[in-house]
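# Results of the structural survey
Each chain, written out:
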Amino acid sequence: MAKLVYDKDGRLIFTKEMKKEYTILLPMMAKIHFSLIRNVFTQYGYKNVLLEDDGPEIAQVGLKYVHNDTCYPALLVIGQFIHALQSGKYDVNKTALMITQTGGGCRASNYIHLLRKALKKAGFENVPVISLNVSGLEKNSGFSLTVPMIRKALAGLVYGDALMLFNNQTKAYEINKGESDALVEQWIQRLSDEMEKGNGYSSSHIKRNLDKMGEEFAQISLNKVKKIKVGIVGEIYVKYSPLGNNHLEDFLLEQGCEVNIPGIMGFALFKVDNRLEDHKLYGGNKIKFNVLSEVMKYLTKMEGYVIESANNHGFHAPASYAETKEMVKGLIGYGNKMGEGWLLTAEMVELIESGYENVVCTQPFGCLPNHICAKGMVSAIKRKNEKANIVSIDYDPGAPRVNQENRIKLMLAVAKENIKAEEKEKAKTIESGDLKLDCESRRVFIAGKEINLTAKEFDVLELLVFNPNKVYSRENLLNIVWGYEYPGDVRTVDVHIRRLREKIETNPSEPKYVHTKWGVGYYFQA
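These remarks concern the structure in this document. Treat the numbers as computed from the prediction; the structure is a model and nothing was measured. (Residues numbered from 1 in each chain as written. Predicted model: local features only at pLDDT ≥ 70, side-chain atom pairs only at ≥ 80, totals over all residues. Heavy atoms only, no water.)

## Quick word on a nonpolar patch on the surface
On the surface, Val-134, Leu-145 and Ile-150 cluster together to form a nonpolar patch covering roughly 250 Å² of accessible area. Residue classification places Ile-150 among the partly exposed residues on the basis of a relative accessible area of 33%. (Patch = residues over 30% accessible without salt bridge, like charges linked within 9 Å, V, L, I, M, F, W, Y side chains within 5 Å. Areas by Shrake-Rupley, 256 points an atom, 1.4 Å probe, with all protein chains shown as cover. Salt bridge = Lys/Arg side-chain N within 4 Å of Asp/Glu carboxyl O. Buried < 20%, exposed > 50% of the residue type's maximum accessible area, 1.4 Å probe, protein only.)

Okay, structure coming up:
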């Protein structure tokens, strides 16, 4: 059994001997991304388990060992760890925990210290905690990030974003339920196998795989009915974690929505961009700046590959990080970068401008920077785009799930009314080629020039235009337009069609709009 080794400050070190014997528990956030990354760890000899424990008891365990004033993500992550250790599934004498440590202004940098304090309180002080960071905050002899390992993990983020994008745009419409999720699982396994063989993480391999991925998801049979489109933004853990947001994505799918969640690469670019700006403003290590500049270029290139694949295969592609950043100029300052900072506002604006006007903003109670950049910016966003329909939802141990879902349902009710209003507005005016029909004012225009029609001529044209390519017999037209009690015969219809063509067609003998289906009737060709 591995010997327990402590540093000069009393911190328990994860040693090389522990790597051989210990299982590392990883917290869950974004399942697709984390599944790929955990497989990378496995390839480098780290036995690990991605925790998927769920339920309200996780938060209660967190509350028992972490102060209630601490932010909700910390309560859940620490609660999930201790719940797993208490479950009896793992040998606590051969188990380690891994948690990220950013080193920024967010309290997330201190989760690791809160975790160690909680472990001691729960009687697990002999369980080592590994800090996953690229800032040199903590080091362990039994765990190190090599360049190939980092490259594979970054590839996992790229693939994760793409799989999440394709899955969200197909799952809501798939004819064969479960087909999209099954394809995601296939790709996770294929990519993991490929990277284990030393492939799949070079630029050329990533570009090739993304193209193939888009091609395969595009082949899923869909029923593209009209659905409410909803974007999810917020604090990074609560935005992605089903445990953190009470399975928000599943709830929205049950409500008949299409869901759009901005990718993790945007957040990664945001963090790197901030470090570069800090160096420009305050100076620093030149080598570190050059490394970060290369990372920025690499992530930008990878983001471009995802966008290219989406565009090439008929999916909605998000705006690039650079384009998203431009969208909040004059709305919020770039110096606002604690937590998700200005990026949170930018993601809301990008979603709204790309057709996802309905936005759920997930906010852990007590995370002040994100409340400022999210709830605090809603009015400004609505002034910029009146279509914005945003609901801010607070998540904490005392927030009842039913209240959260009822508030979201109210937002969806507004979305449904907005769709009805849009359809009604569209119904007022319809255009086909040079022809424009204004149903509210009952006016017709050809190439901008108004054409005077009689009431019945307009009624006939309106019926045909709103039902393009549908053939109406003369009897049908007579009954619908003139009514069943009309005493005239079907020749009335022929006369009105002839006069209508004389007014709207350039050459009535070779009509562009109102056509004859010989022996059947008339139709409008869109």
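Structure's up, so let's keep going.
## Observations regarding the packing of aromatic side chains
All chains considered together, the criterion is met by ten aromatic pairs. With a centroid separation of 5.3 Å and an interplanar angle of 80°, the aromatic rings of Phe-270 and Trp-342 are classed as edge-to-face. Highlighted residues: Phe-270 in helix α11 (residues 264-282) and Trp-342 in helix α14 (residues 341-353), separated in sequence by 72 residues. Pair check on accessibility: Phe-270 and Trp-342 agree, each one buried. Through a chain of ring-to-ring contacts, the aromatic side chains of Phe-267, Phe-270, Tyr-321, Tyr-334 and Trp-342 assemble into a single cluster. It is Lys-19 that lies over the ring of Tyr-46; its NZ or CZ is 4.4 Å from the centre. The ring of Trp-187 carries Arg-190 above its face, with NZ or CZ at 3.9 Å from the centroid. (Phe/Tyr/Trp six-rings, centres within 6.5 Å; stacked < 30°, edge-to-face > 60°. Helix = DSSP H or I, 4+ residues; strand = E, 2+ residues; numbered from the N terminus. Lys NZ or Arg CZ within 6 Å of the ring centre and 35° of its normal.)

## Regarding the nonpolar core
With 142 residues, the main nonpolar core has Met-213, Phe-217, Leu-252 and Ile-408 as its most contacted residues. In terms of residues, this core owes the most to one element, helix α6 (residues 147-171), which gives eleven residues. When near neighbours in sequence (up to four residues on either side) are disregarded, Phe-217 contacts Leu-163, Phe-166, Asn-167, Thr-170, Ser-180, Leu-183, Val-184, Trp-187 and Phe-315. Of all hydrophobic cores here, the second largest spans 27 residues; its members include Trp-482, Val-490, Ile-504 and Val-514. (Core = buried A, V, L, I, M, F, W, Y, C linked by side-chain atoms within 4.5 Å. Contact = heavy atoms within 4.5 Å.)

## Quick word on the layout of surface pockets
Picture a little ball the size of a water molecule; that probe, rolled over the atoms, points out where space is still empty. Put simply, the second largest pocket is a space of about 710 Å³. Taken together, 31 residues form the lining of the second largest pocket, with Lys-31, Ile-32, Pro-242, Glu-249 and Asp-250 sitting closest to its centre. Elements with a contribution of two residues or more to the lining of the second largest pocket: α2 (31-43), α6, α7 (179-196), α9 (236-240) and α10 (248-254). Of the residues that constitute the lining of the second largest pocket, the class distribution is 13 nonpolar, eight polar and ten charged. (1 Å grid on protein atoms, 1.4 Å probe; cavity = no way out; pocket = protein on both sides within 12 Å on 5 of 7 lines; lining within 4 Å. Points joined across faces, edges and corners; volume = space filled by probe spheres on them. Nonpolar A, V, L, I, M, F, W, Y, C, P; charged D, E, K, R; others polar.)

## Things to note about empty space enclosed by the protein
Evaluated as defined, the whole model comprises four cavities of 30 Å³ or more. Counted as a void, the largest cavity has a volume near 420 Å³. Every residue lining the largest cavity is counted, 27 residues in all, and those nearest its centre are Ile-261, Pro-262, Gly-263, Pro-318 and Ala-319. Listing elements by their share of the lining of the largest cavity, those giving two or more residues are α6, β8 (257-260), α11, α12 (286-312), α13 (321-326) and α14. The element that contributes the greatest number of residues to the lining of the largest cavity is α6, accounting for five residues.

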